[in-house]
Amino acid sequence: DIELSTQDIEQIMLWAQDPDIYNILISSISPDIKGNENIKLAIAFQLFGGVSKKKPDGGRLRGEIHILLVTDPSCGKSQMMRYVARLAPRAVMAVGGGSTAAGLTCSAVKSELDGSWTLEAGALVLADKGIAIVDEADKMNPQDRAAIHEALEDGTVTTAKAGICATLQSRCSLLAAANPDKGRFNS
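Residues numbered from 1 in each chain as written. Predicted model: local features only at pLDDT ≥ 70, side-chain atom pairs only at ≥ 80, totals over all residues. Heavy atoms only, no water.

### Focus on the side chain of Q46
The residue Q46 is located in helix α3 (residues 37-48) in this model. In this structure Q46 comes out as buried when scored by relative accessible area, which is 2%. Beyond its immediate chain neighbours, meaning those up to four positions away, Q46 contacts I65, H66, I67, I131, S173, L174 and L175. (Helix = DSSP H or I, 4+ residues; strand = E, 2+ residues; numbered from the N terminus. Buried < 20%, exposed > 50% of the residue type's maximum accessible area, 1.4 Å probe, protein only. Contact = heavy atoms within 4.5 Å.)

This is the structure:
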């Protein structure tokens, strides 16, 4: 949905020729946070995305890049994630401690008017072709964390709830952050 002007295209072409392009990208990600160059470069790659490919047998190789940031508390993970949520054209943010499998994938909702059931998309489905951001992934229930594996690997959410069987698209990249066990990172 973004319209590029002639000036935009010319500037992009200039940057593409710049041998310092990686440092330009790194310094543009969460510029208030100093350091963390490797993390910022990984986030830049995630924002650009990979290349998905169709296999001859009809299968699909995903191009989405998933990142799990695990660093000591107070290193700026949440701030970088909020920056990405504002920057990316399609981004959905959730907090792990308050997120359930249904909130991340989909849930069945009963209508108060006629009693019919419908599916309500969760964060990973809403972020289709964008970035889903989950902060505090370490505080998620292990069963809820396991429920997102299909979405991350296959780019789909398959559900059978309230008599509704469906497969929803969830071709998104996941940017998640967690604090290490016992509060300190042990390399």
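### As for the packing of helix α2 (residues 21-28) against α3
Packing of α2 against α3 brings their axes to within 8 Å, and their N-to-C directions diverge by 95°. Taken as axis vectors, α2 and α3 run roughly perpendicular relative to one another. Only E37, K40, L41, A44, F45 and F48 of α3 make contact with α2, whose side of the interface consists of Y22, L25 and I26. Across the contact of α2 with α3, the residue classes tally to seven nonpolar, no polar and two charged. (Axes fitted to C-alpha atoms, helices over the stretch in contact; angles between N-to-C directions. Parallel < 35°, antiparallel > 145°, perpendicular 65-115°, else oblique. Nonpolar A, V, L, I, M, F, W, Y, C, P; charged D, E, K, R; others polar.)

### Overview of a nonpolar patch on the surface
A grouping of I2, L4, I9, I12, M13 and W15 is seen on the molecular surface, where their side chains present a nonpolar patch of about 620 Å² in accessible area. For W15, the position within the fold is in helix α1 (residues 6-17). (Patch = residues over 30% accessible without salt bridge, like charges linked within 9 Å, V, L, I, M, F, W, Y side chains within 5 Å. Areas by Shrake-Rupley, 256 points an atom, 1.4 Å probe, with all protein chains shown as cover. Salt bridge = Lys/Arg side-chain N within 4 Å of Asp/Glu carboxyl O.)

### Remarks on the pairing of strand β7 (residues 131-135)
A large share of β7 lies buried, amounting to five of its five residues. Bridge count between strand β4 (residues 91-95) and β7: five bridges; the pairing is parallel. Each residue of the ladder has a partner; that of V95, found in β7, is D135. Here β7 runs beside strand β10 (residues 173-178); their pairing, made up of four bridges, is parallel. Note that in β10 the partner of V134 across the bridge is A176. (Pairing = 2+ DSSP bridges.)

### A few points about the pattern of salt bridges
In this structure the tally under the stated criterion is two salt bridges. Two residues, R171 and D128, come together in a salt bridge whose shortest N-O distance is 2.6 Å. Of this pair, R171 sits in the loop between β9 (164-169) and β10 while D128 is found in the loop between α6 (123-126) and β7, placing the two residues 43 residues apart along the sequence. Among the residues examined, R171 registers a relative accessible area of 23% and is labelled partly exposed. Here D138 and K139 are joined by a salt bridge, their closest N and O atoms 3.6 Å apart.

### Let's talk about the nonpolar core
Counting residues in each nonpolar core, the largest one holds 20 residues, and the members touching the most others are L104, L124, A132, V134, A137, I148 and L174. Apart from the residues lying within four places of it in its own chain, the contact partners of I148 are L104, L124 and L174. Listed in part, the 15 residues of the second largest apolar core include I43, L69, I131 and I133. (Core = buried A, V, L, I, M, F, W, Y, C linked by side-chain atoms within 4.5 Å.)

### As for the sheet that holds β7
Overall, parallel pairing links the four strands, which are arranged β3-β10-β7-β4 in an open sheet. Since the sheet does not close on itself, it has two edges, and those belong to β3 (67-70) and β4, each with one partner. Strand-to-strand twist in this sheet, taken as the mean axis angle between neighbours without regard to direction, amounts to 15°. Pairing analysis gives four bridges linking β3 to β10, with the strands arranged parallel. Its bridge partner lying in β10, L69 is registered against A177. The sheet strands contacting helix α4 (residues 77-87) are β3, β4, β7 and β10, and the helix crosses β7 at an angle near 155°.

### A closer look at the side chain of S173
Looking at the secondary structure, you find S173 in strand β10. For S173, a relative accessible area of 5% corresponds to the buried category.

### Describing the environment of A147
With respect to the helices and strands, the residue A147 is situated in the loop between α7 (142-146) and α8 (149-154). A C-alpha to C-alpha distance of 42 Å links A147 and M13, two positions 134 residues apart in sequence. Discounting chain neighbours no more than four positions away, the residues touching A147 are A101 and T105.

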